[in-house]
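# A structural walkthrough
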Amino acid sequence: MDDSLVLEYDVPGDDFTRAGEASSATKATLKRLGLPADIIRRVSIVMYEGEINMVIHADGGKATVTVSPDAVTMVLKDTGPGIPDVDKAMQAGWSTASGAARDLGFGAGMGLPNMKKWSDRMTIDTAVGVGTTVTAVIDL
Amino acid sequence: MQIRKIRELLNAELLCGEEMLDDEVSYGFGADLMSDALAHTDSDTLLLTGLCNPQAIRTADMLDIAHVVFVRGKRPDEGMLRLARESGICVLATRCTMFKACGLLYGAGLSGGELHG
């Protein structure tokens with residue numbers, strides 16, 4: 001793990017206009033590190049959808065990005081309501097998002113499917129009333 | 001298609017990124033749902049949207065999209081334009097509807113690209 005770089009961000013849950021700041025900061029760091037453009041783009045999309053999810057559904061959370069020689073791993077952890085039915089949440093178009101989320105340009109049930117689509121691997125660890133941790137990995 | 005030509009076709013106002021008027025884009029993508037843009041666009045794309053909030057600019061930035069047109073007379077505020085400048089994004093605004101803006105550009109030869117997956 002000595003060659004790994006770990007980035008940590010608190011994602012505020014109360015300000016929709018700031019959603020995406022952690023993703024922008026991650027993108028800038030990966031650019032400085034000289035990672036390939038297509039990798040940075042995929043990480044940015046996954047991280048941004050994850051960040052939006054945390055803001056929309058869970059009143060924020062914590063994002064940890066680990067850049068190792070062979071992968072970029074994003075862990076998006078919240079203490080929100082949890083996901084009662086993960087299979088449904090993974091279906092494109094299924095959503096519990098609020099009208100406010102839709103006003104943002106999100107909340108149409110595309111977030112988790114999009115994250116999976118652009119990741120090499122993704123796992124969802126969730127418990128109702130406890131929170132959700134999404135781990136997404138993009139191989140280098 | 002050159003951004004300068006896009007501005008003319010849409011009778012659009014340039015709100016920031018004057019130095020990018022000679023840039024070229026290969027594709028156009030129109031959406032108010034940012035998740036659709038995040039699912040289906042290439043970086044070499046003009047994003048047309050009626051979603052007038054910071055997430056439209058943020059989405060473009062995540063996608064390495066450098067040119068955004070706000071349709072239906074939507075006007076981004078100064079905070080959004082500041083974010084666009086910081087992200088190196090050229091912003092235009094037109095009174096055309098989404099349908100008309102996309103139609104004008106497609107008719108003039110801008111490709112729609114393909115869905116990803």
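Below you will find a few notes about this structure. Fair warning: this is a prediction, and the values are worked out from it, not measured in the lab.

### Observations concerning the interface of chain B and chain A
Between chain B and chain A, the residue contacts involve 23 residues of the former and 26 residues of the latter. For the chain B and chain A pair, buried surface summed over both sides reaches about 1,900 Å², with 50% attributable to carbon and sulfur atoms. The tally of links from chain B across to chain A stands at 2 salt bridges. With a shortest N-O distance of 3.2 Å, D61 of chain B and K27 of chain A are connected by a salt bridge. Where chain B touches chain A, the interface holds 16 residue pairs in polar contact (both at pLDDT 80 or more). Listed by contribution, the elements that provide at least two residues to the side of chain B that touches chain A are α2 (34-40) and α3 (54-62) of chain B. Its residues placed into classes, the side of chain B that touches chain A shows 8 nonpolar, 9 polar and 6 charged.

### Remarks on the sheet that holds strand β5 (residues 90-93) of chain B
Residues and elements named next belong to chain B. Overall, mixed pairing links the 5 strands, which are arranged β1-β5-β4-β3-β2 in an open sheet. The open sheet terminates on both sides in strands that have one partner only, identified here as β1 (13-16) and β2 (27-30). Adjacent strand axes in the sheet meet at a mean angle of 25°, parallel and antiparallel pairs treated alike. Most of the contacts of helix α5 (residues 98-107) go to strand β3 (residues 45-49), to which it runs at about 155°, and overall it touches β2 and β3.

### A few points about the packing of helix α1 (residues 21-33) of chain A against α3 of chain B
Interhelical geometry of α1 of chain A versus α3 of chain B gives an angle of 25° and a closest axis separation of 11 Å. It follows that α1 of chain A is roughly parallel to α3 of chain B by the angle criterion. Crossing of α1 of chain A over α3 of chain B shows left-handed handedness. Contacts from E21, S23, S24 and K27 of chain A of α1 of chain A reach α3 of chain B at R58, D61 and M62 of chain B.

### Some remarks on the packing of aromatic side chains
Residue and element names in this part refer to chain A. Using the criterion set out here, one finds 1 aromatic pair over all chains in the structure. Taking the centre distance of 5.6 Å and the plane angle of 85° together, the rings of Y48 and F106 count as edge-to-face. Pair noted here: Y48 is in helix α2 (residues 37-58) and F106 is in the loop between α4 (99-103) and α5 (111-118), with a separation of 58 residues, a long-range link. F106 sits in the buried class, given a relative accessible area of 2%.

### A look at the side chain of K27 of chain A
Following the sequence through the fold, K27 of chain A ends up in helix α1. Assessed through its relative accessible area of 5%, K27 of chain A is described here as buried.

Cut-offs used in this document
- Residues numbered from 1 in each chain as written.
- Chains lettered and ligands numbered in written order.
- Predicted model: local features only at pLDDT ≥ 70, side-chain atom pairs only at ≥ 80, totals over all residues.
- Heavy atoms only, no water.
- Contact = heavy atoms within 4.5 Å.
- Buried area = accessible area lost by both parts, 1.4 Å probe.
- Salt bridge = Lys/Arg side-chain N within 4 Å of Asp/Glu carboxyl O.
- Polar contact = N/O pair within 3.5 Å; in protein donor to acceptor, adjacent residues only side chain to side chain.
- Helix = DSSP H or I, 4+ residues; strand = E, 2+ residues; numbered from the N terminus.
- Nonpolar A, V, L, I, M, F, W, Y, C, P; charged D, E, K, R; others polar.
- Pairing = 2+ DSSP bridges.
- Axes fitted to C-alpha atoms, helices over the stretch in contact; angles between N-to-C directions.
- Parallel < 35°, antiparallel > 145°, perpendicular 65-115°, else oblique.
- Left-handed = near helix turned anticlockwise from the far one by under 90°.
- Phe/Tyr/Trp six-rings, centres within 6.5 Å; stacked < 30°, edge-to-face > 60°.
- Buried < 20%, exposed > 50% of the residue type's maximum accessible area, 1.4 Å probe, protein only.

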